[in-house]
Amino acid sequence: MTRRELDVPRTTHTALDAFTLLSKKWHPVVVAVLHHHESLGFNGLLEAIPDLSGKVLTDTLEALRDAGLVERTVVSESPLRVEYELTEAGAELEPVFDDLGAWGERHLEAATPTILLADADRRITDLYGQWLTDRYTVARAHTADDVDRYLRESIDVVVYDEGLPGVSAADVPAAVGAGCRTILLVGDRPELDLLEIECDDVRRKPIVRETLLEAIDDQLRRRGESADDRERGSLVAKRSLLESVYSQDHLTRQAAYRDLESRLEALVDGLEE
């Protein structure tokens, strides 16, 4: 029996072959990184691509070299140092990435909210990412440079740890802009100075999957609310967290807490007028 061919034009067959080559998890990532950096050594590639192991990178580079997309150049023999760069065929993929990126911005990002997870501990961002990837586009930041880079992109909600090195928790809300919602994660016994941070929500660690999803969904639902409603929601979240940690007697003796109560009262009165 003769094997039937897929009933599409020959050029479509070729396009599908190209998609198959680039459908491997790390193949397009390595190509994209080399587009950006032009050439990198093995360790440079590992540094530029989070969560990629040395063995997987070795296998990926070998496959891309076999496909004629990447070439290896020996820079020095002793000590041995090599660099990888795209071949002419690999470089010709750049407009393909540009077109796919433009298509994604039109059709994917509008439909799927992007959540930025910012924590120095990669194990934490990996765990949270596993909880979220079935419903959101997830980005991970582990350093101040990562945060700066991602905050220049379109992010819907930032979930960030108060102790991220090099990042002031108080500066994040201003950096992301009014269109992005912010969820601050704090330790088990937060200080009252968290009241000075203008985040939309604040949650205690450790956080469980259901709580994180609830917090993110709530922030996405509240997009577009008035400035007063947004401030009121932030203050209510902070008050609720503090009241779960400290006694009411202790809190009422704190000027910062009394100020929070006054601001809430003023916002409620404004809504009733």
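Residues numbered from 1 in each chain as written. Predicted model: local features only at pLDDT ≥ 70, side-chain atom pairs only at ≥ 80, totals over all residues. Heavy atoms only, no water.

1. A look at the pattern of salt bridges
Here is the rule: The term salt bridge refers to a side-chain nitrogen of Lys or Arg lying within 4 Å of a carboxyl oxygen of Asp or Glu. The helix and strand labels rest on DSSP assignments: H or I over at least four residues marks a helix, E over at least two residues marks a strand, and numbering proceeds from the N terminus. Each residue gets one of three labels from its accessible area relative to the maximum for its type: buried under 20%, exposed over 50%, partly exposed in between, using a 1.4 Å probe on protein chains only.
Taken as a whole, this structure holds 22 salt bridges when the rule is applied. In this structure, D134 engages R209 in a salt bridge whose closest nitrogen and oxygen atoms are separated by 3.9 Å. Of this pair, D134 sits in the loop between helix 7 (122-132) and strand 5 (137-141) while R209 sits in helix 10 (residues 209-221); the two residues are 75 residues apart in sequence, bridging distant segments of the chain. Classification of R209 by relative accessible area gives partly exposed; the value is 30%. Taking the shortest distance from any N to any O, the salt bridge between R203 and D201 comes out at 2.9 Å. For D201, a relative accessible area of 5% puts it in the buried group. Salt bridges sharing partners connect three or more residues here, namely R181, D200, D218, R221, R222, E225 and R230.

2. Here we look at the layout of surface pockets
To find leftover empty space, one rolls a probe the size of a water molecule over the atoms. The condition is simple: Using a grid of 1 Å spacing that covers the protein atoms alone, one calls a set of points a cavity when a 1.4 Å probe fits there but cannot get out, and a pocket when the set is open and has protein on both sides within 12 Å along at least five of seven lines; lining residues are those with an atom within 4 Å of a point. Grid points are joined across faces, edges and corners, and a volume is the space filled by probe spheres set on the points. Gly is put with the polar residues, along with every residue not named as nonpolar or charged; the nonpolar set is Ala, Val, Leu, Ile, Met, Phe, Trp, Tyr, Cys and Pro, and the charged set is Asp, Glu, Lys and Arg.
In this structure, the largest pocket encloses a volume near 2200 Å³. Contributions of two or more residues to the lining of the largest pocket are made by helix 1 (10-22), helix 2 (27-37), helix 3 (42-48), helix 6 (94-107), helix 7, strand 5 and helix 8 (144-151). It is helix 6 that contributes the most residues to the lining of the largest pocket, eight residues altogether. Partitioning the lining of the largest pocket into residue classes produces 22 nonpolar, eleven polar and 14 charged. Taken as a whole, the second largest pocket holds about 290 Å³ of empty space. Around the second largest pocket, the lining is made up of 18 residues, and of these E198, C199, D200, R230 and E231 lie nearest the centre. Within the residue set of the lining of the second largest pocket, elements represented by two or more residues are helix 9 (172-176) and helix 11 (227-245). Per-element accounting of the lining of the second largest pocket gives the leading share, six residues, to helix 11. Looking at side-chain class alone, the lining of the second largest pocket contains nine nonpolar, three polar and six charged residues.

3. Some details on the sheet that holds strand 2 (residues 70-77)
Applicable threshold: For two strands to be treated as a pair, DSSP must find no fewer than two bridges joining them. A contact between two residues is defined here by any heavy atoms of the two lying within 4.5 Å. To get an axis, a line is fitted to the C-alpha atoms, and for a helix only the part in contact is used. The angle between two axes follows their N-to-C directions and goes from 0 to 180 degrees.
With antiparallel pairing, the three strands of this open sheet are ordered in space as 1-3-2. Edge positions in the sheet fall to strand 1 (39-40) and strand 2, since each of these pairs with one other strand and no more. In terms of strand pairing, strand 2 meets strand 3 (residues 80-86) through seven bridges, oriented antiparallel. Pairing of E71 across the sheet is with E85, part of strand 3. The strands that helix 4 (residues 54-66) touches are strand 2 and strand 3; relative to strand 2, the one it contacts most, it runs at about 115°.

4. Focus: the sheet that holds strand 5
Judged by pairing direction, the sheet is parallel, and its five strands sit side by side in the order 5-4-6-7-8 without closing on themselves. Single-partner strands in this sheet number two, and they are strand 5 and strand 8 (201-204). Averaged over all neighbouring strand pairs, the angle between strand axes comes to 20°, with direction disregarded. Where strand 4 (residues 114-118) lies against strand 6 (residues 157-161), four bridges are found, and the strand directions are parallel. Following the sheet pairing, L117 is matched in strand 6 by V159. Across the sheet, helix 7 touches strand 4, strand 5 and strand 7 (181-186), and the angle it forms with strand 5 is around 175°.

Honestly, it's all geometry; don't read function into it.
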